[in-house]
Amino acid sequence: MLHIILLILKILGLILLVILGLLLAVLLAVLFVPVRYHGSGSYYEKGRGSAGVSWLLHILSIRFRYDEDLTMTVRLFGFRIMKPKKLDRELEEAEDILVQAMERIEPEPLKDAKEAKEKVQSEIKKLPEIFEPIKDEEKIKKPFFLTSLWEKGKKRILRFFTKLKFFFRRVCDTLKTVKEKKDEIFSWISSKENQKTVKLFLKQGKKLIRHILPVKGKGSITFGFDDPYLTGQVLMYSSVIYPFVHKHLDLYPMFDQAIFQAEGTFRGRIRIGTALLIGSRMLMDKNFRMMLRKWLR
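Definitions and limits used
Residues numbered from 1 in each chain as written. Predicted model: local features only at pLDDT ≥ 70, side-chain atom pairs only at ≥ 80, totals over all residues. Heavy atoms only, no water. Salt bridge = Lys/Arg side-chain N within 4 Å of Asp/Glu carboxyl O. Helix = DSSP H or I, 4+ residues; strand = E, 2+ residues; numbered from the N terminus. Buried < 20%, exposed > 50% of the residue type's maximum accessible area, 1.4 Å probe, protein only. Expected span 1.5 Å × (residues − 1). Phe/Tyr/Trp six-rings, centres within 6.5 Å; stacked < 30°, edge-to-face > 60°.

Undergrad: Mind laying out the pattern of salt bridges, listing which residues take part and the relevant values?
TA: Under the counting rule described, the total for this entry stands at two salt bridges. Notably, a salt bridge pairs Arg48 with Asp67, separated by 3.2 Å at the nearest N-O pair. Taken together, the residues span a long stretch of sequence, with Arg48 in strand E2 (residues 47-55) and Asp67 in the loop between strand E3 (60-66) and strand E4 (70-76) at a distance of 19 residues. Relative accessible area serves as the criterion here: at 33%, Asp67 is assigned to the partly exposed category. The partner of Lys218 in a salt bridge is Asp250, and the shortest N-O contact between them spans 3.6 Å. Taken together, the positions of Lys218 in strand E7 (residues 216-224) and Asp250 in strand E8 (residues 249-253) put the pair 32 residues apart, joining distant regions of the chain.

See below:
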């Protein structure tokens, strides 16, 4: 009996070790096997392009293609796990439904010009109320059902402009705060600990950007305008950055015709482990952790 129990425990232990080994292998694969991406595109009076992401010898791959429609395809172990989705067509269908719903809504006839004037004035008076902030947070959380797609679309548009207004207001408040706290900012910059943190952040940020950017790429651009002077101006401004990208980008200015043609390819990879290592180096800095806590509050 004891022998059977020991045998069962041995089998369970082996199964547990196999499971732990598989989990460790999956973890190492996620951390150190790079996610590879690539893309290509061209423009010759019409834009075309494709891009893809793959992982672990194409066990998982996602591909985007744009010709007349934007199409997405997902494959697992080489097998397509869903039908290619035409994203542009879905957006167009949603727009058509909205247009049809708007066409079905017939405005109520107005009796005379006086009634029309009063209706316009009442709508104008409502405009300030539309852009006022919603104070009752519970109303935002509660689901609401509109009688038509037109009302739903109008609500979304108004919310978008409201958020846009508050965004610009926040930017203005931030600029005012920076102006008011000028001395505090200068004292923060002059601190040796903060300077070390900023240098560390810039150093690790450069490493992260260098790791994410494509390792291979080649492109060409042919451009020209009706006015040769304008073509020369564009060529002059592009010469500022061209020395940094001349190995990967070819420019062909045309001074005798208006033209724009472009094509290019790129390829790169991202390792999650490398990105986490760069982030951990930043988190090891005590001053950076304190700053991060303040920003997250």
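Following the structure, the description resumes.
Undergrad: Just give me the short version of helix H10 (residues 272-283), but keep the residues and values in it.
TA: The periodicity of an α-helix, 3.6 residues per turn, causes residues three or four places apart in sequence to face the same way. The terminal C-alpha atoms of H10, which comprises twelve residues, lie 16 Å apart, in line with the 16 Å expected from a rise of 1.5 Å per residue. Residues Gly273, Ile278 and Met282 constitute the buried set of H10.

Undergrad: Residue-level account of the packing of aromatic side chains, with values.
TA: Evaluated as defined, the whole model comprises two aromatic pairs. Between Tyr37 and Phe266, the ring centres sit 6.2 Å apart and the planes meet at 50 degrees, which makes this aromatic pair tilted. Here Phe266 lies in strand E9 (residues 259-270) and Tyr37 lies in strand E1 (residues 35-44), a separation of 229 residues in the sequence. Of the residues examined, Phe266 reaches a relative accessible area of 37% and is grouped as partly exposed. Look at Tyr43 and Phe260: their rings are 5.9 Å apart centre to centre, the planes differ by 55 degrees, and that puts the pair in the tilted class. In this pair, Tyr43 is assigned in strand E1 and Phe260 in strand E9, connecting sequence segments 217 residues apart.

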